[in-house]
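In case you want the letters, here they are:
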Amino acid sequence: MRANNILGIIFANAYDNVLGGMTAPRAMGSVPFGGAYRLVDFTLSNMVNAGIDKVGVITSNNYQSLMDHLGNGKPWDLARKHDGLFFLPPFSAQELERYNSGRLGALQNNTQFLEMSNEEYVVMSDCNAVLNIDLREVCRYHQEKNADITMVYRYGAVPKLPNRLLIDEITDGRVTAMSIATADREGEANCAANITVMRKSLLESLLREANASNAASFERDVLLKNVANLRIFGYEFKEFCPIIDSIQTYFDANFALLDAVNQKQLFGCGRPVYTKVYDDMPVIYGLGSDVKNSLVADGCVIDGVVENSIVFRNCRIAKGAVVRNCVVMPSGFVADDASLTNCILDKDVTIRSGRALAGADTYPVYLAKGIRV
Amino acid sequence: MGAKKECIAMLLAGGQGSRLGILTHAIAKPAVPYGGKYRIIDFPLSNCTNSGIDTVGVLTQYQPLALNEYIGSGQPWDLDRMDGGVHILSPYQQIKGSEWYKGTANAIYQNINFIDRYDPEYVAVLSGDHIYKMDYSEMLAFHKEHDAACTIAMMEVPWEEASRFGLMLVDDTGVITEFEEKPKNPRSNKASMGVYMFTWKKLRAYLIADEAKEGSSNDFGKDVIPAMHNAGERMFAYRFDGYWKDVGTIDSLWEANLDLLNPKANIDLTDPDWRIYAKNSALPPHFVSEKATVQNSLVSGGCFIEGNIDYSVMFANVTVEEGANVRYSIVMPGATIKKGATVQYAMIAEDAVIESGAVVGEDPEQIEDLANWGVTVIGSKVNIGENVKIPAKAMIAEDVKGGDAQ
């Protein structure tokens, strides 16, 4: 299938409620990740790297940060005359209730967008899985297998998220049994990454059916329900793919990027991850700075100690400051003799001189946007 | 026909920068990388945007491909405009034939039509060779206030260095009384910065006259400015205080880069009120490993640092392996410094590879004869083999196999 025959759909708010303070002011897609990005960047980049040039970003609330980040889509090469990036907040107040009922409601609110698009296929994706995947390969697989629906899955920890589909039986790629993970499910399994490919016409008819039967869940009432009567195929993704379901997994997923193998899989595989452009200066390391095992983004000035940390753009770590095992989001300021261990600092947080904060690696301390300690 | 503009800028970016040797074999001087993520041309372009000049003609000639691709639509500098914006101006065929730009004045002369489209009152002529932040609107205000025909930006340089520059003698009111070109015994320390503001009507006439003059070298400094001066035109010097560095030689380019790490050098690129824009690639944050040490250095996106860096500038996607040492050096995009290699007082160009154990450059403090010391340059994509030693001042444009004597 030609890449520009595929429509991209992104659910920017999926699982908003699992990141506590981080998603209080912003959509899941807007959550800063990996030193220089927001979660939506991985999803969007996957799509544009596959040549998809029309993407609808469905969002229900808390979307000002997302709008500001996406702008007109130019950094992802989606500022187009025709097609390009479509930002899809609620069209009117009447739709709000349906949005809040999940993926199905969100799609049903956007049937006009689907109708008016003339692409033959659609790729739908959440934002809380961090992966760099060649969607061209996935679409090729979908065609080769003559699939009705292709679901990307990965073997790993079962995400503690509602309605997470597990691939229980799969033969030659064909999914013959699926189930929804129970809330107490531990351990590892083949879990859906919530990246799904199907013909647009099929999606539209499934949505009509769901509407008619007053269905509530896309996973349960559309995918699971049709495992026997539709050709559903699973595409296994074997590389770095954390699925964020809590502040802890968010924390861990960031630290996993300190591993060179994961860095290569996410950033160095030949498909760049695009993000909003900031015109920052490269990082300045002062005399006496001491940085080990860390990712540091442009615009930072580092004069203190930084270990095992992810420091986002435009942060200042003063001389004498010690930052260990932390995720420091953009524009953070850590003053001299301040000490932070196992913390997540949201944007614009200031830690004043001499202050010390420590969490545990299994219980990081989260400081909300703009806080001054 | 564009809308009338008060002032447009013409940026001379056509030079080879021959004193930059192998660095400019394949790219024009204004495209030479600087400061980890910039190119020299980002400075005049950003200065224009920040000064409110939204129409810039960039005159290219020598090896323009990298520069043209880099500038593109001008969007990174906010110069992708409905009316105006940045335009690349190469020599082109006309009824009377075509010719390469013969000199700086001829380059502007050949583009009179471009300038006339905007019917400006004033034209700023900028060189694409310097690192500096300047508000051209203030220079324009000065030019208008003094009802000048030509205003030349001027900087007072240390007397010991004055003889390297084109100098001006200026009276108390700012009028330029005399010019001196690189004199042995300078009478003035006021150097011309190569930044000019002209009243277009006047410049236009002098350009046409100069083109018709037999034996003219068609150069601003040598021909047009003296002609204006001798005809009694009002010529003023506009004083500039601030960092200004010509990066036309290997040593000055190296110094200018390292100046970013020197608090005494007055160059601050973190000023949010005077951003220096550049075309950004999508690069991940750089990684500093457990074994690395980074001191007093600049590191750009995409770098993978496992070795030791001191007082150096790392451009994008540079790899410094474990045990490698980089000091007092500039490493340009994509270069790799392998295990245990040493790079000191050197410039490593794009995509070069310094293999294990090689030693590039020499510390001036360890050298007996300082007259033989200079920055070492390894050219683009060059491979310096294992354990090879490259001495100070060398310029290496070809691979050097491991074990070869140097």
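Residues numbered from 1 in each chain as written. Chains lettered and ligands numbered in written order. Predicted model: local features only at pLDDT ≥ 70, side-chain atom pairs only at ≥ 80, totals over all residues. Heavy atoms only, no water.

Describing the overall build of chain B
Along the backbone of chain B there are eight helices and 31 strands. In summary, chain B has a C-alpha radius of gyration of 22 Å against a globular reference of 22 Å for 406 residues, a match within 12%. Principal-axis analysis of the C-alpha atoms gives chain B an extent of 65 × 50 × 45 Å. Relative to its full complement of 406 residues, chain B shows a buried share of 57%. For chain B, contacts bridging at least 24 residues in sequence account for 57% of all contacts bridging at least 6. (Helix = DSSP H or I, 4+ residues; strand = E, 2+ residues; numbered from the N terminus. Rg over C-alpha atoms; globule rule 2.2 N^0.38 Å. Buried < 20%, exposed > 50% of the residue type's maximum accessible area, 1.4 Å probe, protein only. Contact = heavy atoms within 4.5 Å.)

So, helix H7 (residues 220-230) of chain B
Residue and element names in this part refer to chain B. For H7, the set of buried residues is Phe220, Asp223, Val224, Ile225 and Met228. Within H7, the buried residues cover an arc of 165° as seen down the axis, which keeps them to one side. Exposed residues pointing more than 90 degrees away from the buried face of H7 are listed as Lys222 and Asn230. Measuring from the backbone nitrogen of Gly221 back to the side-chain oxygen at the start of H7 gives 2.9 Å, which picks out Asp219 as the cap. (Arc of directions from axis to C-beta. Polar contact = N/O pair within 3.5 Å; in protein donor to acceptor, adjacent residues only side chain to side chain.)

As for the packing of aromatic side chains
In total, this model carries 26 aromatic pairs over all chains according to the counting rule given. Measuring from ring centre to ring centre gives 5.4 Å for B:Phe198 and B:Phe220, while their planes differ by 20°; the resulting arrangement is stacked. One end of the pair, B:Phe198, is in strand S11 (residues 190-199); the other, B:Phe220, is in helix H7, with 22 residues separating them in the sequence. B:Phe220 carries the same exposure label as B:Phe198, and that label is buried. For the ring pair B:Trp254 and B:Tyr345, a centre distance of 6.1 Å and an interplane angle of 40° mean the geometry is tilted. Pair noted here: B:Trp254 is in helix H8 (residues 250-259) and B:Tyr345 is in the loop between strand S24 (342-344) and strand S25 (346-348), with a separation of 91 residues, a long-range link. Exposure class is identical for B:Trp254 and B:Tyr345. Each is buried. Pairwise contacts between aromatic rings join A:Phe33, A:Tyr37, A:Phe42, A:Tyr250 and A:Phe267 into one cluster. (Phe/Tyr/Trp six-rings, centres within 6.5 Å; stacked < 30°, edge-to-face > 60°.)

Considerations on the nonpolar core
Residues A:Ile9 and A:Tyr250 are the most contacted members of the largest nonpolar core, which totals 100 residues. Here this core gets six residues from one element, more than from any other, and that element is helix H1 (residues 39-49) of chain A. If we skip the residues at most four places from it in the chain, A:Tyr250 touches A:Leu19, A:Met22, A:Val31, A:Pro32, A:Phe33, A:Ile244, A:Phe312, A:Val327, A:Met329 and A:Ile344. Judged by nonpolar contacts, the second largest core, of 82 residues, contains B:Trp254, B:Ala256, B:Tyr277 and B:Leu298. (Core = buried A, V, L, I, M, F, W, Y, C linked by side-chain atoms within 4.5 Å.)

Points about H8(B)
With respect to burial, H8(B) is a largely interior element, eight of its ten residues being buried. Listed as buried for H8(B) are B:Ile250, B:Ser252, B:Leu253, B:Trp254, B:Ala256, B:Asn257, B:Leu258 and B:Asp259.

Points about the sheet that holds strand S17 (residues 304-305) of chain B
Taking strand neighbours across the sheet as the criterion, the eleven strands line up as S26(A)-S23(A)-S20(A)-S17(A)-S14(A)-S14(B)-S17(B)-S20(B)-S23(B)-S26(B)-S29(B) in an open arrangement whose pairing is mixed. Edge strands, defined here as strands with exactly one partner in the open sheet, are strand S26 (365-367) of chain A together with strand S29 (383-384) of chain B. Bridge analysis of strand S23 (residues 343-345) of chain A against S26(A) gives three bridges, and the strand direction is parallel. What sits directly across from A:Cys343, in S26(A), is A:Val365. (Pairing = 2+ DSSP bridges.)

Points about the pattern of salt bridges
Enumeration according to the criterion identifies 35 salt bridges over all chains in this entry. One salt bridge in this structure joins A:Arg140 and A:Glu137, with 2.7 Å as the shortest N-O distance. You can see A:Arg140 and its partner A:Glu137 sitting in helix H6 (residues 135-144), three residues apart, about one turn around the helix. Taking the shortest distance from any N to any O, the salt bridge between B:Lys245 and B:Asp259 comes out at 3.4 Å. (Salt bridge = Lys/Arg side-chain N within 4 Å of Asp/Glu carboxyl O.)

Some points on unusual backbone geometry
What is expected of a backbone is that most residues other than glycine have negative phi and most peptide bonds are trans. One non-glycine residue, A:Asp348, lies in the positive phi region at around 60°. Assignment of secondary structure puts A:Asp348 in the loop between S23 and strand S24 (350-351). On the basis of relative accessibility, which here comes to 36%, the residue A:Asp348 falls in the partly exposed class. At B:Asp119, a position not held by glycine, the phi torsion is positive, near 45°. Accessibility expressed as a relative area gives 39% for B:Asp119, which makes it partly exposed.

Remarks on the interface of chain A and chain B
Contacts between the two partners involve 34 residues from chain A and, on the opposite side, 32 residues from chain B. Overall, the association of chain A and chain B removes approximately 2600 Å² of surface from exposure, summing both partners, and the carbon and sulfur fraction of that is 55%. A per-residue breakdown of the area chain A buries against chain B is headed by A:Asp279, A:Met281 and A:Tyr285, which together make up 26% of the total. Between the two partners, chain A and chain B, sit zero salt bridges. There are 15 residue pairs in polar contact (both at pLDDT 80 or more) connecting chain A and chain B. By residue class, the composition of the side of chain A that touches chain B is 20 nonpolar, nine polar and five charged. (Buried area = accessible area lost by both parts, 1.4 Å probe. Nonpolar A, V, L, I, M, F, W, Y, C, P; charged D, E, K, R; others polar.)

Concerning the sheet that holds strand S19 (residues 322-324) of chain A
All names here are of chain A. Spatially, S13-S16-S19-S22-S25 is the arrangement adopted by the five strands of the open sheet, whose pairing is parallel. Taken across any chain shown, the strands that pair with only one partner, and hence form the sheet edges, are strand S13 (290-292) and strand S25 (356-358). For this sheet, the mean inter-axis angle between neighbouring strands, taken without regard to orientation, is 5°. Here S19 pairs with strand S22 (residues 339-341) via three bridges, running parallel. Note that in S22 the partner of Val322 across the bridge is Ser339. (Axes fitted to C-alpha atoms, helices over the stretch in contact; angles between N-to-C directions.)

Section: the side chain of B:Lys245
All names here are of chain B. With respect to the element layout, Lys245 can be found in strand S13 (residues 244-246). A distance of 2.9 Å separates polar atoms of two side chains, one belonging to Lys245 and the other to Glu255. If we ignore the near neighbours within four places in the chain, the residues touching Lys245 are Asp129, His130, Ile131, Ser252, Glu255, Ala256 and Asp259.

Description of the packing of helix H6 (residues 200-212) of chain B against H7(B)
Residue and element names in this part refer to chain B. Packing of H6 against H7 brings their axes to within 10 Å, and their N-to-C directions diverge by 120°. The orientation of H6 with respect to H7, classified from their angle, is oblique. Crossing of H6 against H7: the hand is right-handed. On H7, the residues touching Lys202, Leu203, Tyr206, Leu207 and Asp210 of H6 are Phe220, Asp223, Val224, Ala227 and Met228. Looking at the contact of H6 with H7 residue by residue, the class counts come to seven nonpolar, no polar and three charged. (Parallel < 35°, antiparallel > 145°, perpendicular 65-115°, else oblique. Left-handed = near helix turned anticlockwise from the far one by under 90°.)

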